[in-house]
Structure formats: C-alpha cells, structure tokens
Amino acid sequence: MPHPHAVAGMVSRLNDPHYARWASQVRATGGCRQPIHLRGKVDHIDPATGELLHRYSTRAEPGGVLRVPCKTRRASRCPACAEVYRADTYQLIRAGLAGGKGVPETVTGHPCLFVTLTAPSFGVVHTRREKNGKVLPCHARRDAATCPHGRVMSCTARHGSEETCLGEPLCPDCYDYAGSVLFNALSPELWRRFTLALRRRLAKTAGLTQRELREQVTVSFAKVAEYQRRGVVHFHAVIRLDGPDGPTASPPSWATADALADAVRHAVSAVAVTAPAAEGEPARVLRWGTQLDVRPITMGGELTDQAVAGYIAKYATKAAECVGTLDRRVSPLDDLDALPLREHARRLIAECFRLGALDGLAELRLTQWAHMLGFRGHFSTKSRRYSTTFGAIREERAEHMRAEAVSTGRLPLFEEDTVLVIAEWEYAGQGYSLGDALLAAALTGVPLAGVALADPGGR
Ligand SMILES: [Zn+2]
Ligand SMILES: [Zn+2]
Ligand SMILES: [Zn+2]
C-alpha cells in the first residue's frame, strides 16, 4: 500500500482542474524521474514594430511551472533521461563508424580499431574467468603463500557472475589502495599522453615529422571510461585514421589498420605519469596495465559498428555506483561506516580522503572526487573530428519537437528570422512529491524505483 500522504497527493492531483495539462507535461518529460521546474516566459516580438506577437508564460501552467527533463546521463539517477543520452551516444559513435549525421559513408574504408586500455594490478582480487564455456577457479595456487596478515593467497572457488566478492581483494590489508585511487586520478593525463605518443609513433613509422603527419593524417577517437569491479577505471576507445581534413578525406595508403595497431601497442607501453611525492608518500610512476585489447572494427565481421556503438553507449550512462559506492558526493565529515557501502568501496573512498588531505597531492582533488574513487575525468569524450556533436543531435531533436508543438497549436508558427524570441527562465525546483511520482510512473510507464526513498515513512 502506498503511504497515506501519497494517496492524498494522488487524489488531490487527480481532482485538480489542471490535471490534464499536468499529465501532458509529465508525458513530455518522457518519464524523467526528477524533472526540473522552470518558471518564466517566452515572448515572440516583431523586430520591426516591437509588437508582442505571442507570449507563453508558465503562470497558466499547473503550479505555475513548466517541467522539463533533468537530462542526466546517469542511469542510477534517472533511467529515462539516461536512455536518451545512451541513444544519442550510440548515434554519435555509430556515425563515426558507418557514416551518417554529416559523416560520409566512405569513412567505413578508413582504418579503425576498438581498443581497451586497462589499469595495472593493485593486488590479487576475486575474479571470474571462463575458458571454453567453463568457469575457472578464481585464483588457485597449490603452494600459495600466506601474506603478512595471515591470509592464504589462494581462492579455488568458481565464482558466479553476480557474486559480490568479485573485484574485492583476497587480502584488503595487502591491497594497494593508494595506487588504485592515484591511477584513477591520473588516468585522464595518461590517456592524453597515450594519444600524443600514438601520433609520434605513426610519424616515425612513416618517416615523417609531426607536422608532416598532421598534413597527411588525422587521428580521431571516441572513448568511454568504465569502472572495473575492483574500482579502477579502464577505457574503451574507437581510434580511426582519416585524411588531413577528417572523415571526409582518405588517409594515405601507408596509414593501415596494422600501422595503427602497432602505434597503439607501442604508445601504451611507452607512456607513464608520475604521482608527486607527498608527506609520507613516495612519488609513484603509473602506467597502463599489461592487458591490452586491440581489435579491428569491420562492417560485417567479428566486431561490427553496431556492437561497438552499443558497447560504448552502454557504459556512457554508468558511473562508479556499480562498484558498490554512492552516486553522490561524500565528505570527510560523513561517517563512512554508516553509509551503505561495500567494504572495498569504503576503503577506496577512505584512501581518497587520506591522500586528498596531503598538500603535495592537493591538485588531484581526491577529496571532492572520493565518490568516484578518485576519477574526475569525463566519462565519454571524443576528438573534434570524430563525428557529429551532442549539440547537433539534440538540436535535431529539439527541431522535431518544435515542429510537433507548432502542428498541435502550442507554438505560433513564425519564420525564425522574422521574430525576436526573448525567453526568461528561472529555476523553481526539481522532482516529484510521492503522490505525483506514483501518477507520473503510471502515465509514462517508467517504474519509479528509488523515488519512494524520498519518503522514509512510506510502505
Ligand atoms: Zn531525468
Ligand atoms: Zn575468489
Ligand atoms: Zn595481507
């Protein structure tokens, strides 16, 4: 049974004379779980005469506000908006592989690889590996050593795919938590250095200077960060070679998929980044892990453009919460023991606070990014010439929705350049009351898991 407050809220909303308009606003948010409330107006003015042609004001809307989608990318916060973000990411990645959205189809002939760059080991963790369809023992060692904390460094279990111990250390006291969070913090810089080394290697292979390389080849990429269960990020990237003008131009004949693969392998092993020494902490040199996956993307082969676009889009809506941490900021003043965290995540966060308090590491801002286990980079990034932009995809959708609003009579149809549009908006809150949330879920068919948490007294 819903909470009495929720029932009362639903009844009063259903009896509200503005219910129909409220319901249509809710439908227009596409099932957003936490819509933003805006108050304001949009005036359409004739620039020649100053005449007010049309005014839209939220004053006439239910509650005096317009509800718009929150547009988060994170599925843990709003599944509906994250789904829009996932679909946009899919289109953006796919266009760079198969053409479309302004990218010519000839791009399919350009050398293109799907590369996964991993983090090094920070200690033995429980894992699930399969060979020929059979699950292997986790970490079986016949003469396993006992660590200084008295734990035997062996695990003969064949773990299930959803077991919570996966990614957790065999001995948390031996695990290098500092290394793990420092790697997360410095991985964006390590990636940047990787892209530079990649270009250097390509130039060297072709016998060109850096400048000559730029005149012949553009290296385009799109990447996404994914948290492994052990709480460290790795990167999946599409890396493509184009001619000097990007996807519209063919790369020179020497720029093959093999040459690109060689440059990737070389660059991965060549680069390093140093975490500075700080009070009681030595400087550390961090590198990519030895596990490197480099595969060609082809239109009908083993790894297709759809598979890659789907893979990257899926990870673009996730964050560290899959590791058992929180999807919001935590502060050193929070009692970590009282938060619903897995032990491994709790230790990673505690390590961020410990290192974040050291002056020598202040610029890594580990305290602010503790909930992300030290990583403060962007989740999905692409080089300028990879394909279209999120802005262009969103504009296309906005154009479509505008056309719909015009055809249903909600917006006057004016020529864009013949009217002056002046909009004034202010933020007026976010989210639903419990009763509204239940109605919104019924209206949009999007389940509202999590929303009910707003009312701890609810049953
Ligand atoms: Zn939303
Ligand atoms: Zn195990
Ligand atoms: Zn130990």
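From a predicted model like this one, the values you see are computed outputs, not experimental measurements.

Criteria and thresholds
In this numbering scheme, every chain counts its residues from 1 along its sequence in written order. Whichever chain is written first is A, and whichever ligand is written first is 1; the rest continue in order. Residues qualify for local features only when their pLDDT is at least 70, as the model is predicted, and side-chain atom pairs are given and counted only at 80 or more; totals for whole chains, interfaces and linings, by contrast, use all residues. Side-chain numbers here rest on the full set of heavy atoms in the structure, without hydrogens or water. Each axis is a line fitted through C-alpha atoms, and for a helix only the stretch in contact is used; angles between axes span 0 to 180 degrees, taken between their N-to-C directions. Only DSSP runs of H or I with at least four residues qualify as helices, and only runs of E with at least two residues qualify as strands; both kinds are numbered from the N terminus onward. Working rule for angles: under 35 degrees goes down as roughly parallel, over 145 as roughly antiparallel, 65 to 115 as roughly perpendicular, anything else as oblique. Residue contacts are counted whenever heavy atoms from the two residues lie within 4.5 Å of one another. Residue polarity is assigned by list, with Asp, Glu, Lys and Arg as charged and Ala, Val, Leu, Ile, Met, Phe, Trp, Tyr, Cys and Pro as nonpolar; anything else, Gly included, falls into the polar class. Here the coordinating atoms are restricted to nitrogen, oxygen and sulfur within 2.8 Å of the metal centre, or 3.2 Å for Na, K and Ca, and because water is not among them the sites may look incomplete. Irregular is the label for any site that misses the other tests, which are tetrahedral for four donors with all angles between 85 and 135 degrees, and square planar for four donors or octahedral for six when opposite donors exceed 155 degrees and the remaining angles lie between 65 and 115. The buried label applies to any residue whose accessible area, calculated with a 1.4 Å probe on protein chains only, is under 20% of its type's maximum; exposed applies above 50%, and partly exposed to all values in between. To estimate how far a helix should reach, multiply one less than its number of residues by 1.5 Å. What the bend at a residue measures is the angle between two axes, fitted to the seven residues ending there and to the seven starting there. As used in this record, nonpolar core signifies buried Ala, Val, Leu, Ile, Met, Phe, Trp, Tyr and Cys residues forming a set joined through side-chain atoms within 4.5 Å. Strand pairing is defined by DSSP finding a minimum of two bridges between the two strands.

### Structural notes on the packing of helix α4 (residues 177–206) against helix α8 (residues 343–356)
Inference 1: It is the contact of α4 with α8, at a shortest axis distance of 9 Å, that shows an interaxial angle of 75°. By the angle between their directions, the pair α4 and α8 is classed as roughly perpendicular. Facing α4, whose interface residues are Y177, A178, S180, V181 and L182, α8 presents H344, R347, L348, E351, C352, R354 and L355.
Inference 2: Residues of the contact of α4 with α8, tallied by class, amount to seven nonpolar, two polar and three charged.

### So, the coordination of the zinc ion (ligand 3)
Inference 1: The protein atoms that coordinate the zinc ion (ligand 3) are C147 (SG), H149 (ND1), C171 (SG) and C174 (SG), at distances spanning 2.0 to 2.3 Å.
Inference 2: Between the four donor atoms coordinating the zinc ion (ligand 3), the angles at the centre fall across 101 to 117°, so the site counts as tetrahedral.
Inference 3: The sequence pattern describing where the donors of the zinc ion (ligand 3) fall on their chain is C-x1-H-x21-C-x2-C.
Inference 4: A residue is classified by how much of its surface remains accessible, and C174, at 36% relative accessible area, is partly exposed.

### Some points on α4
Inference 1: An ideal rise of 1.5 Å per residue puts 44 Å on 30 residues; α4 measures up with 42 Å between its terminal C-alpha atoms.
Inference 2: At L186, α4 shows its largest kink, close to 50°, and the proline P188 lies no more than four residues downstream.
Inference 3: Once α4 ends, the next one or two residues include G207, with phi positive near 70°.

### Some remarks on the coordination of the zinc ion (ligand 2)
Inference 1: H126 (ND1), C138 (SG), C155 (SG) and H159 (NE2) make up the full set of protein donors to the zinc ion (ligand 2), lying at 2.0 to 2.4 Å.
Inference 2: For the zinc ion (ligand 2), all donor residues lie on one chain, and their spacing in sequence is H-x11-C-x16-C-x3-H. Here C138, found in the loop between β6 (134–135) and α4, pairs with C155, found in the loop between β6 and α4; they are 17 residues apart in sequence, far enough to count as distant. With respect to burial, C138 and C155 carry one shared label: buried.

### As for the nonpolar core
Inference 1: Counting residues in each nonpolar core, the largest one holds 71 residues, and the members touching the most others are F194, Y227, I239, V264 and W288.
Inference 2: Within the residue set of this core, elements represented by two or more residues are β4 (112–117), α4, β7 (218–227), β8 (233–242), α6 (257–270), β9 (273–275) and α8.
Inference 3: At 14 residues, the largest contribution of residues to this core is made by α4.
Inference 4: Beyond its immediate sequence surroundings of up to four residues, V264 is in contact with L113, V115, F194, L198, I239 and V294.
Inference 5: Among the nonpolar cores identified, the runner-up in size contains 19 residues, and F114, V224, V238 and A309 belong to it.

### Observations regarding the sheet that holds strand β12 (residues 380–382)
Inference 1: Pairing is antiparallel in the open sheet, where five strands are placed in the order β11-β4-β8-β7-β12. Two strands lie at the open edges of the sheet, namely β11 (292–296) and β12, each paired on one side alone. On average, each strand axis in the sheet is tilted by 15° relative to the strand beside it, whichever way the strands run.
Inference 2: In terms of strand pairing, β4 meets β8 through six bridges, oriented antiparallel. Bridge assignment links L117 to a residue of β8, and that residue is F235.
Inference 3: Where α4 meets the sheet, it contacts β4, β7 and β8, and its direction lies at approximately 25° from that of β8.
Inference 4: Strands in contact with α6 are β4, β8 and β11; relative to β4, the strand with the most contacts, it is inclined by about 20°.

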